[in-house]
Amino acid sequence: AVHQYEVELVNRGEVAAEFRLVPPEPGSRAAVDFSFEPSAGVIPVGEIQTVIVTLCSDTLGEFDESFEWEIMDGEIPTTLDFKGKVVGPAFTVDAQSLDFGVVGYGFRYTKDFTVHNGCEIPMRFSLRVPGDAKGEFTCLPSAGTILPFGKQKVELELISETE
């Protein structure tokens, strides 16, 4: 998942402030997972520069990253710290299989099941029945987002077109 944050750089000085991000070590988690836009520029006196920070990580676990920003002609760099935890999805389905039994040609049959999100982050889902080349199965809803620790009832519909 991609997360974006806004950070405001404020020039409270009496001259324009030229700034730049000190690039993190190449290949480090900081360099791979985080990006900043803009990463350099000039802030006029009394103005604010919004920096968009994007975090896109496929590495699970906690992180604690610090980024240095240089202010040209400044003596001490400014540090921006990010701490957090990247978690993966954790979900369960309350049915291991759905047995429609004997069905009539062209008739509608439905079975329900529930997907439970066991994680502290929202979970996007997209459902389909593998091997359903004729389109006889429909999931309602077929896609959506389940809130943290939430659940979604799903109806699986079968209209048999196989004689």
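Now for a look at the structure at hand. It should be emphasised that the depicted structure is a prediction, and the values quoted were computed from it without experimental measurement. (Residues numbered from 1 in each chain as written. Predicted model: local features only at pLDDT ≥ 70, side-chain atom pairs only at ≥ 80, totals over all residues. Heavy atoms only, no water.)

What follows concerns the packing of aromatic side chains. Counted according to the given criterion, the structure contains ten aromatic pairs. Note on Phe-34 and Phe-82: the rings are 5.4 Å apart at their centroids and 40 degrees apart in plane angle, and the pair reads as tilted. One end of the pair, Phe-34, is in strand β3 (residues 34–37); the other, Phe-82, is in strand β7 (residues 78–86), with 48 residues separating them in the sequence. Of the residues examined, Phe-82 reaches a relative accessible area of 13% and is grouped as buried. Considering the side-chain rings of Phe-36 and Phe-82, the 6.4 Å spacing of their centres and the 55 degrees angle between planes classify their relative orientation as tilted. Residue Phe-36 is found in strand β3, and its partner Phe-82 is found in strand β7; the two are separated by 46 residues along the sequence. Among the aromatic residues, those joined into a ring-pair cluster are Tyr-5, Phe-19, Phe-34, Phe-36, Phe-63, Phe-67, Trp-69 and Phe-82. (Phe/Tyr/Trp six-rings, centres within 6.5 Å; stacked < 30°, edge-to-face > 60°. Helix = DSSP H or I, 4+ residues; strand = E, 2+ residues; numbered from the N terminus. Buried < 20%, exposed > 50% of the residue type's maximum accessible area, 1.4 Å probe, protein only.)

In short, shape yes, function no, at least from these values alone.
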